[in-house]
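# Coordinate inspection notes
The lines below spell out each chain.
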2 protein chains.
Amino acid sequence: MDALKEKIKREGEIISSSILKVDSFLNHQIDAGFIMEIGRELANRFCDEGITKVITIEASGIAPALSTAAVLGVPLVFAKKTKAATMDTEVYVEQVKSFTRGTVYDIKVAKKFLNKEDKVLIIDDFLAYGHAALGLVQIVKKSGADLAGVGIVIEKGFQSGGKLLRDQGIRVESLAVVESMEGNEIIFK
Amino acid sequence: MDALKEKIKREGEIISSSILKVDSFLNHQIDAGFIMEIGRELANRFCDEGITKVITIEASGIAPALSTAAVLGVPLVFAKKTKAATMDTEVYVEQVKSFTRGTVYDIKVAKKFLNKEDKVLIIDDFLAYGHAALGLVQIVKKSGADLAGVGIVIEKGFQSGGKLLRDQGIRVESLAVVESMEGNEIIFK
């Protein structure tokens, strides 16, 4: 998606050779109109799959997942990192390691929102080592639902998440794949 | 907003006389098409205010804030509850008490995303005691930006947040105001 690559080049900040900061349009401030375009593009790539549900993890995944779900005309479920007082006790739980924070946390999805009649599309803002996506894949498997694939806004192609998922036969569609960020320059695949 | 009240009546669960659970369309599973309608309605109520930015708190605020910002054609900034490795060091911080969790947490907004030229609309999914909204109001004040008002999906009218905000002269627009949940029945104002 050329508009996305241009935006990453223009607004992205290279924090280190492995960390890309895009907080001006995706992670902290969100360019709402642009996120709607991203949703149209992600929905378009999976529109023939008979998706019944989009799933993501709070918080940065919610915006692209919502815009995708709105175009597909299906509900979105976001996995929770913390347990609210109102959360169901019947939940699917997986452990996820955070690449940027260096911590391990649980993600939880209420069982009533995923079942074996569902065809699920996983959406996330970033794909790095794939821990978040793999956690969601496990939750989809546990629920008995069918996984249509994984839609990603920015994949860091030099980290292993994309390969791990594709090696499992999972379809991964990334709107921009960053091949390297060496020498303070962002190179796309 | 009648469609919202009907949805709350149909899908909402009364957990106690003070806690309403709407995780089937707003807090965990999100009805994407319906959230887009909610955004149109909230945007409509503030469309003459010259809004330049929508602000909310992760995670449940993001969906209605995004749909509102998309209709208004402005960016959305979501205050963070945890500090990512990539977050700016120059941030506005406020302490917020969580009604449902019984904990106190910091919310943070990078200074570069709010400034005195902005006219800001605060959006959140729930208004109970107003702690989250008041925290955002303080951040808007610190930034020197102008506050246009607060747009809420569901206000619990029997708790003090709405009064606290309105007593400060802040315009609060709530799409549904729950007057009471006694006797297992939801009564709207």
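Residues numbered from 1 in each chain as written. Chains lettered and ligands numbered in written order. Predicted model: local features only at pLDDT ≥ 70, side-chain atom pairs only at ≥ 80, totals over all residues. Heavy atoms only, no water.

This brings us to the overall build of chain A. Of regular secondary structure, chain A possesses five helices and 11 strands. The C-alpha atoms of chain A give 16 Å as radius of gyration, which agrees with the globular expectation for 189 residues (16 Å, within 12%). Its C-alpha atoms put chain A at 50 × 35 × 35 Å along the principal axes. Nonlocal contacts in chain A, meaning residues at least 24 apart in sequence, comprise 61% of its contacts between residues at least 6 apart. Averaging the positions of the 25 positive and the 26 negative side-chain charges in chain A gives two centres separated by 4 Å. (Helix = DSSP H or I, 4+ residues; strand = E, 2+ residues; numbered from the N terminus. Rg over C-alpha atoms; globule rule 2.2 N^0.38 Å. Contact = heavy atoms within 4.5 Å. Lys, Arg positive; Asp, Glu negative; His and termini not counted. Charge placed at Lys NZ, Arg CZ, Asp CG, Glu CD.)

Helix length check: helix α2 (residues 32-45) of chain A (14 residues) gives 20 Å between terminal C-alpha atoms against 20 Å at 1.5 Å per residue, within 8%. If you check which residues of α2 of chain A are buried, you get Ala 32, Phe 34, Ile 35, Met 36, Ile 38, Gly 39, Leu 42 and Ala 43 of chain A. (Expected span 1.5 Å × (residues − 1). Buried < 20%, exposed > 50% of the residue type's maximum accessible area, 1.4 Å probe, protein only.)

Here the focus is the interface of chain A and chain B. Facing the 43 residues of chain A at the interface are 43 residues of chain B. Contact between chain A and chain B buries roughly 3,300 Å² in total, counting both sides, with carbon and sulfur atoms accounting for 64%. In this structure, the connection of chain A to chain B is made through four salt bridges. A salt bridge links Asp 23 of chain B to Lys 112 of chain A; its shortest N-O distance comes to 3.3 Å. The tally of links from chain A across to chain B stands at 12 residue pairs in polar contact (both at pLDDT 80 or more). (Buried area = accessible area lost by both parts, 1.4 Å probe. Salt bridge = Lys/Arg side-chain N within 4 Å of Asp/Glu carboxyl O. Polar contact = N/O pair within 3.5 Å; in protein donor to acceptor, adjacent residues only side chain to side chain.)

Okay, the sheet that holds strand β4 (residues 53-57) of chain A next. Across the sheet, seven strands lie side by side as β11(A)-β10(A)-β9(A)-β8(A)-β4(A)-β5(A)-β3(B); this open sheet has mixed pairing. Of all strands in the sheet, those bounded by a partner on one side alone are β11 (187-188) of chain A together with β3 (29-30) of chain B. Looking at chain direction, strand β10 (residues 172-180) of chain A and β11 of chain A are connected through two bridges and run antiparallel. Residue Val 178 of chain A lies in a different strand from β11 of chain A, and its bridge partner there is Phe 188 of chain A. (Pairing = 2+ DSSP bridges.)

Summed over all chains, the structure comprises two aromatic pairs over all chains. Plain terms: the ring middles of Phe 25 of chain A and Phe 34 of chain A are 6.0 Å apart, the flat faces sit at 85° to each other, and that makes the pair edge-to-face. Classification of Phe 25 of chain A by relative accessible area gives buried; the value is 0%. Its end group placed over the ring of Phe 34 of chain A, Lys 7 of chain A keeps NZ or CZ at 5.1 Å from the ring centre. Positioned above the aromatic ring of Phe 46 of chain B, the side-chain terminus of Arg 171 of chain B is 4.4 Å from the ring centre. (Phe/Tyr/Trp six-rings, centres within 6.5 Å; stacked < 30°, edge-to-face > 60°. Lys NZ or Arg CZ within 6 Å of the ring centre and 35° of its normal.)

We now examine the relation of the copies chain A and chain B. With an RMSD of 0.0 Å, the fit of chain A onto chain B corresponds to turning through 180° and sliding 0.0 Å along the axis. Taken together, the turn and the small shift mark the pair as related by a two-fold rotation axis. Closest approach to the rotation axis among the C-alpha atoms of chain A is made by Ala 59 of chain A, whose C-alpha sits 2.6 Å away. The fraction of interface residues of chain A whose copies in chain B are also interface residues reaches 100%, indicating that both copies meet through the same surface. (Least-squares fit on C-alpha atoms with pLDDT ≥ 70 in both.)

A separate point is the pairing of β10 of chain A. Residues and elements named next belong to chain A. In terms of burial, β10 is a largely internal element, seven of the nine residues being buried. With six bridges connecting them, strand β9 (residues 146-156) and β10 associate as parallel partners. If you follow Gly 151 over to β10, its bridge partner there is Glu 173. You can see the chain leave β9, run along helix α5 (residues 161-167) and come back into β10, and the turn it takes is right-handed. Here β10 folds back onto β11, and the loop between the two strands holds six residues, one of which, Gly 183, carries a positive phi near 60°. (Right-handed = clockwise from strand over helix to strand, strands pointing away.)

It is worth spelling out the UniProt feature "binding site: 5-phospho-alpha-D-ribose 1-diphosphate" (unreviewed entry) in chain A at this point. Residue and element names in this part refer to chain A. When the UniProt feature table is mapped to this numbering, "binding site: 5-phospho-alpha-D-ribose 1-diphosphate" (unreviewed entry) covers Ala 128, Tyr 129, Gly 130, His 131 and Ala 132. By the element assignment, Ala 128 lies in the loop between β8 (119-127) and α4 (131-143). You can call Ala 128 buried: its relative accessible area is 11%. Tyr 129 gets classed as partly exposed once you look at its relative accessible area, which sits at 30%. (UniProt positions renumbered as here; feature names shortened; annotations may be inferred.)

Okay, the sheet that holds strand β8 (residues 119-127) of chain B next. Spatial strand order, β3(A)-β5(B)-β4(B)-β8(B)-β9(B)-β10(B)-β11(B): seven strands in an open sheet with mixed pairing. Looking at strand neighbours, the two that pair on one side only are β3 (29-30) of chain A together with β11 (187-188) of chain B, the edges of this open sheet. Here strand β4 (residues 53-57) of chain B pairs with β8 of chain B via three bridges, running parallel. Bridge pairing links Ile 55 of chain B to Ile 122 of chain B in β8 of chain B. Relative to β4 of chain B, helix α3 (residues 62-72) of chain B is tilted by about 175°, and along the sheet it contacts β3 of chain A together with β4, β5 (76-79), β8 and β9 (146-156) of chain B. (Axes fitted to C-alpha atoms, helices over the stretch in contact; angles between N-to-C directions.)

Right, let's get into the nonpolar core. In terms of nonpolar packing, the biggest core is built from 76 residues, with Leu 4 of chain A together with Leu 4 of chain B touching the most fellow members. Non-local contacts of Leu 4 of chain A, meaning those with residues more than four positions away in its chain, are made with Phe 25, Phe 34, Ile 38, Val 153, Leu 175 and Ala 176 of chain A. If you look at the next biggest cluster of nonpolar residues, it comprises 28 residues, including Phe 113, Val 137, Ile 139 and Val 150 of chain A. (Core = buried A, V, L, I, M, F, W, Y, C linked by side-chain atoms within 4.5 Å.)

Here we come to the environment of Ser 98 of chain B. In this structure, Ser 98 of chain B sits in the loop between β6 (91-97) and β7 (104-110). Through-space distance from the C-alpha of Ser 98 of chain B to that of Ala 70 of chain B is 28 Å; in sequence the pair is 28 residues apart.

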